[in-house]
Every structure is written in C-alpha cells, then in structure tokens.
Amino acid sequence: MATSEQLRRNINQHRAKNTKSKIDDKEIYRAQKLAREYLEGRFEYELKGYYLQFEKSISFEKMQKMIKDQRIRDEFETQYKERTIKPDGGILLLRKDTEHNYIKIVLVAEVKRQGTNKDREKEGKRKQAQGNAVERLGKNLIGIKAMLNHEKITPFVCFVLNWPIF
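Counting restarts for each chain: residues are numbered from 1 in the order of the written sequence. Residues qualify for local features only when their pLDDT is at least 70, as the model is predicted, and side-chain atom pairs are given and counted only at 80 or more; totals for whole chains, interfaces and linings, by contrast, use all residues. No hydrogens and no water enter the side-chain calculation; it runs on all heavy atoms of the structure.

Draft legend 1. How the structure looks around the overall build of the chain. In this text, helices come from DSSP runs of H or I with a minimum length of four residues, and strands from runs of E with a minimum of two, each type numbered from the N-terminal end. Counting its regular elements, the chain contains five helices and six strands. For the chain, the sequential pattern of α-helices and β-strands runs α-α-β-β-α-β-β-β-α-α-β. Within the chain, buried positions represent 32% of all 166 residues. Here a residue-residue contact requires only that any non-hydrogen atoms of the pair lie within 4.5 Å. Contacts in the chain between residues far apart in sequence, at least 24 positions, make up 68% of those at least 6 positions apart. Residue exposure (1.4 Å probe, protein chains only): buried if accessible area is under 20% of the type maximum, exposed if over 50%, otherwise partly exposed.

So, in structure tokens, the structure goes:
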C-alpha cells in the first residue's frame, strides 16, 4: 500500500489512472446527471422552493460548516480547510431558494477500479501502489460519514470494479 507521505505528494490523485478509469469517470458522471434529472421530474411538486445542485467537489471548510450548522461540534482543525473531497461522480446537493446556507447532501457517487496494473502496463504506464483505489475510496467515505453522522442515512454509492476474488 502507498504510504501517507506518497499519497500526500500525489498531485494527480483526482485524475483517471488508466483508459478504463477514464470511461468509468464519464459513466458515473452521466449516471449522476440521470439521477438528478429523475429526482427533478419525480419530485417536481415536492421540490418547490428547493433546487438540486451538482458539485464536482466539496471543501473540508464547507463540510465543517455543515457539521457546525447542526450544532454537533464547534471546534475543528483548520490547517486543512482548503483541501477537498472530489468523488468521481460528484455530489448532488439539495439547496433552498430562500436560504443561501441551506445544504443537504442527496447523493455522492464513486467508482473505483482496483487492480489495474496489468492495464497500465499495456498502456506503457508505471505501476500504482497496491490498494490505491480503496485508499482513495476510504478517504472520501470517512469525510462524508463524519459530515453526515447526524443524518439517518449516508447517501453514498460506490461501484468497485476488478475487485480481487479471494
């Protein structure tokens, strides 16, 4: 597995790692768009006064604000507030027309392709550290679960491809 120092220095962590992952990213983005269109049509009446907004990422600062607004916790480490979580399929938010600060997470979508070193080798790319896809998934899920700890559900969907069979 990659060390925390390797992950910290990885400036390409949000980029697709191989050709199949690029296709996966486009497909999960398309699925998120279809989910938004479905919800807007299905709940047109219930959404009066609200709207759905798509975001590619969410900052730690915004996540901390969502927790603070629920009066769950007041103090946070502020050293990393500029960092973001960037799920592959983005984040679908419920916003209120009349309240700028009203934000509810509706859906977070991820797709991870594990065990792609053979594909990368065929493409002439160097190997990735073992477990990298799962590590990236874990980072996002931990942050999102912390942010939604006060909610009854965590609207997080992840498709893991090429998972090794034990």
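Draft legend 2. Examining the sheet that holds strand 5 (residues 103-113) more closely. DSSP calls a pair of strands paired once it identifies at least 2 bridges connecting them. Read across the open sheet, the four strands follow the order 1-4-5-6; overall the sheet is mixed. The strands lining the two open edges of the sheet, one partner per strand, are strand 1 (50-55) and strand 6 (156-161). Across the sheet, the mean angle separating the axes of adjacent strands is 15° when strand polarity is ignored. Sheet analysis places strand 5 next to strand 6, joined by six bridges and oriented parallel. Residue pairing across strands places Glu 110 opposite Cys 158, the latter belonging to strand 6. Each axis is a line fitted through C-alpha atoms, taken for helices only over the stretch in contact, and angles between the N-to-C directions span 0 to 180 degrees. Lying on the sheet, helix 2 (residues 19-42) is in contact with strand 1, strand 4 (91-96), strand 5 and strand 6; it crosses strand 5 at an angle near 155°.

Draft legend 3. Looking closely at the packing of aromatic side chains. Any two of the Phe, Tyr and Trp rings considered here, Trp counted by its six-membered ring, make a pair once their centres fall within 6.5 Å; the pair's planes then place it as stacked at under 30 degrees, edge-to-face at over 60, or tilted in between. Counted by the stated rule, this structure contains two aromatic pairs. Aromatic pair Tyr 29 and Phe 54: ring centres 5.3 Å apart, planes at 85°, arrangement edge-to-face. In this pair, Tyr 29 sits in helix 2 while Phe 54 sits in strand 1, placing the two residues 25 residues apart along the sequence. Classification of Tyr 29 by relative accessible area gives partly exposed; the value is 41%. Comment: the charge-over-ring label is applied if NZ (Lys) or CZ (Arg) is within 6 Å of the ring centre and within 35 degrees of the ring normal. The aromatic ring of Phe 43 is capped on one face by Arg 42, whose charged end is 4.8 Å from the ring centroid.

Draft legend 4. Up close: the pattern of salt bridges. Counted as salt bridges are all cases of a side-chain nitrogen of Lys or Arg within 4 Å of a carboxyl oxygen of Asp or Glu. On inspection of all chains with the given rule, the structure shows six salt bridges. The residue Arg 36 makes a salt bridge to Glu 40 at a minimum N-O spacing of 3.2 Å. One end of the pair, Arg 36, and the other, Glu 40, are both in helix 2, four residues apart, so they sit about a helical turn from each other. On the basis of relative accessibility, which here comes to 28%, the residue Arg 36 falls in the partly exposed class. With its nearest N and O atoms 3.3 Å apart, the salt bridge here joins Lys 112 to Glu 110. Classification of Lys 112 as buried rests on a relative accessible area of 5%. With a relative accessible area of 0%, Glu 110 lands in the buried category. What emerges from the salt-bridge pattern is a single network uniting Asp 88, Glu 110 and Lys 112.

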